[in-house]
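For reference, the chains in residue letters:
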Amino acid sequence: MTKTLKEHLEKVDNELASLILKISELANMISSELPYRRGKADTKNVFGEVQLIADKWADQFIIDELRKSGLVKTLVSEEQPEIVKLDEKGIFNITLDPLDGSSNIESNNLVGTIIGIYKKDLPTPGKNLVAAMYILYGPVTTLVYATQGNVSEFINTKKGFVLREENIKLPEPGKLYSIGGLRKEWVPSFKKYVEELEAQGYKLRYGGSFVGDTNQILHYGGIFAYPELTTKPNGKLRLLVESNTMSFIIKQAGGASTNGKCSVLEIEPKNITQRVPTYIGNKNLIEKLEKILIKEK
Ligand code: AHG
Ligand code: MN
Ligand code: MN
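Since we're looking at a predicted model, the values are computed, not measured. (Residues numbered from 1 in each chain as written. Chains lettered and ligands numbered in written order. Predicted model: local features only at pLDDT ≥ 70, side-chain atom pairs only at ≥ 80, totals over all residues. Heavy atoms only, no water.)

Overview of the environment of Asn28
Note that Asn28 resides in helix 2 (residues 14–33). Relative accessible area serves as the criterion here: at 34%, Asn28 is assigned to the partly exposed category. Sequence separation between Asn28 and Asn156 is 128 residues; the distance between their C-alpha atoms is 7.9 Å. (Helix = DSSP H or I, 4+ residues; strand = E, 2+ residues; numbered from the N terminus. Buried < 20%, exposed > 50% of the residue type's maximum accessible area, 1.4 Å probe, protein only.)

With respect to helix 4 (residues 188–199)
Given a rise of 1.5 Å per residue, twelve residues ought to cover 16 Å, and the 17 Å separating the end C-alpha atoms of helix 4 matches this to within 8%. When we look at burial in helix 4, the residues that qualify are Ser189, Phe190, Tyr193, Val194 and Leu197. Looking straight down helix 4, one finds that the buried residues subtend no more than 135° of arc, so they occupy a single side. Turned more than 90 degrees away from the buried face of helix 4, the exposed residues are Pro188, Lys192 and Ala199. Residues of helix 4 that are buried in the fold lie against strand 11 (176–179), strand 13 (222–226), strand 15 (278–281) and helix 7 (283–296). In the segment just after helix 4, Gly201 is the residue with positive phi, at about 100°. (Expected span 1.5 Å × (residues − 1). Arc of directions from axis to C-beta. Contact = heavy atoms within 4.5 Å.)

Observations concerning the domain arrangement of the chain
Here the chain is partitioned into domain 1 (5–165) and domain 2 (176–296). Here the C-alpha centroids of domain 1 and domain 2 sit 22 Å apart. Between domain 1 and domain 2 the total buried area reaches about 2,900 Å² when both faces are included, carbon and sulfur atoms providing 65% of it. Broken down residue by residue, the surface that domain 1 buries against domain 2 is led by Phe47, Ile114 and Tyr134, which jointly contribute 21%. Applying the counting rule to domain 1 against domain 2 returns three salt bridges. Between Lys127 and Glu266 there is a salt bridge; the shortest N-O distance is 3.3 Å. At the surface where domain 1 touches domain 2, the tally comes to twelve residue pairs in polar contact (both at pLDDT 80 or more). Taken together, the elements giving at least two residues each to the side of domain 1 that touches domain 2 come down to strand 3 (72–77), strand 5 (92–100), strand 6 (111–118), strand 7 (129–137), strand 8 (141–147), strand 9 (150–157) and strand 10 (160–165). With eight residues, the single largest contributor to the side of domain 1 that touches domain 2 is strand 7. Residues that form the side of domain 1 that touches domain 2 fall into these classes: 24 nonpolar, 14 polar and nine charged. (Domains from an automatic or database assignment. Buried area = accessible area lost by both parts, 1.4 Å probe. Salt bridge = Lys/Arg side-chain N within 4 Å of Asp/Glu carboxyl O. Polar contact = N/O pair within 3.5 Å; in protein donor to acceptor, adjacent residues only side chain to side chain. Nonpolar A, V, L, I, M, F, W, Y, C, P; charged D, E, K, R; others polar.)

Remarks on the environment of Gly281
Here Gly281 is to be found in strand 15. Counting along the chain gives 23 residues from Gly281 to Thr258, while the straight-line C-alpha distance between them is 9.4 Å. Those residues in contact with Gly281 that sit more than four places away from it in its chain are Leu170, Ile217, Gly222, Ile223, Ile250, Gly255, Ala256 and Ile286.

Overview of the nonpolar core
Membership of the largest hydrophobic core comes to 53 residues, with the highest contact counts inside it found for Val151, Phe190, Tyr193, Leu218, Ile223, Met246 and Ile249. When residues of this core are assigned to their parent elements, the largest contribution, seven residues, is made by helix 6 (residues 239–252). Split by domain, the residues of this core number at least three in each of domain 1 (5–165) and domain 2 (176–296). With residues near it in sequence (within four places) discarded, Phe190 still touches Ile179, Ala225, Pro227, Tyr279, Leu289 and Leu293. Core analysis: the second largest hydrophobic core is formed by 42 residues, Leu26, Leu99, Ile115 and Met133 among them. (Core = buried A, V, L, I, M, F, W, Y, C linked by side-chain atoms within 4.5 Å.)

Some points on the packing of helix 5 (residues 210–220) against helix 6
At a closest axis distance of 11 Å, the pairing of helix 5 and helix 6 adopts a crossing angle of 15°. By the angle between their axes, helix 5 is roughly parallel relative to helix 6. Note that helix 5 runs across helix 6; the crossing there is right-handed. For the pair helix 5 and helix 6, the contacting residues are Phe210, Val211, Thr214, Ile217 and Leu218 in the first and Glu242, Ser243, Met246 and Ile250 in the second. Of the residues contributing to the contact of helix 5 with helix 6, the split by class is six nonpolar, two polar and one charged. (Axes fitted to C-alpha atoms, helices over the stretch in contact; angles between N-to-C directions. Parallel < 35°, antiparallel > 145°, perpendicular 65-115°, else oblique. Left-handed = near helix turned anticlockwise from the far one by under 90°.)

Quick look at the structure:
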């Protein structure tokens, strides 16, 4: 019999189960509202990026609903300049990318929502994540959540989110490489590493949505990177709201992450807007890459 998300969450603490369930309901709403929330807003976020109506709407919607839930103490969002206080009695602290891949909205390609769940106060290293999840608004809406040692995926159906697969592990060997940033701005050692992957038969598949690109690594194996660039030494992705969350999920699926020197999850954040070169995927690929990048420094 198909297991619902609610049934699957019987394994985890009550409060964590309630939070994940709540987020799944919000995701359902976001997915059905996306057709009506199109176009640009007249504002920029703290990263200087033009916000879309959908970015701002999803952000405010999630914040308001999580405040009502009473489960969340504070929240760090890509769309908010400071830590948002929600409910003093809440036991979780959340990191949020309300709408990831927003440049894909215009062309109707993949977008998602990324959520990290902590008990420690933010900012804190990603290794302190209690759970991490993302929702992918694709041809079907899927939800992936990870707790220590387990990654499970659910599909949104008429009966709500139902289990598709549990205990997901990255396939070995991996098949894909998925890399952001202009190739001419990759550092020489990284360029060489990618050429080796190509020679070994890894196929390029980059979609411009961290959620979509991570999800394909989870299912087909390989490596995703938004690397150090000659013009942007810290790459593009945000440590708190993006890289930590995905690094945790990939780690629980048997993979690994690096910023070029150490696991992304080990980085001590200096502030909530920090960016980090991000490389995630099969352990052997990440270990080899890390050695090359350290040596060439
Ligand atoms: P967001 O839409 O939340 O700002 O995130 C965009 C991120 C991420 O989704 C993706 O990996 C990357 O930026 C895409 O960047 P490029 O457009 O440079 O490929
Ligand atoms: Mn994003
Ligand atoms: Mn975003």
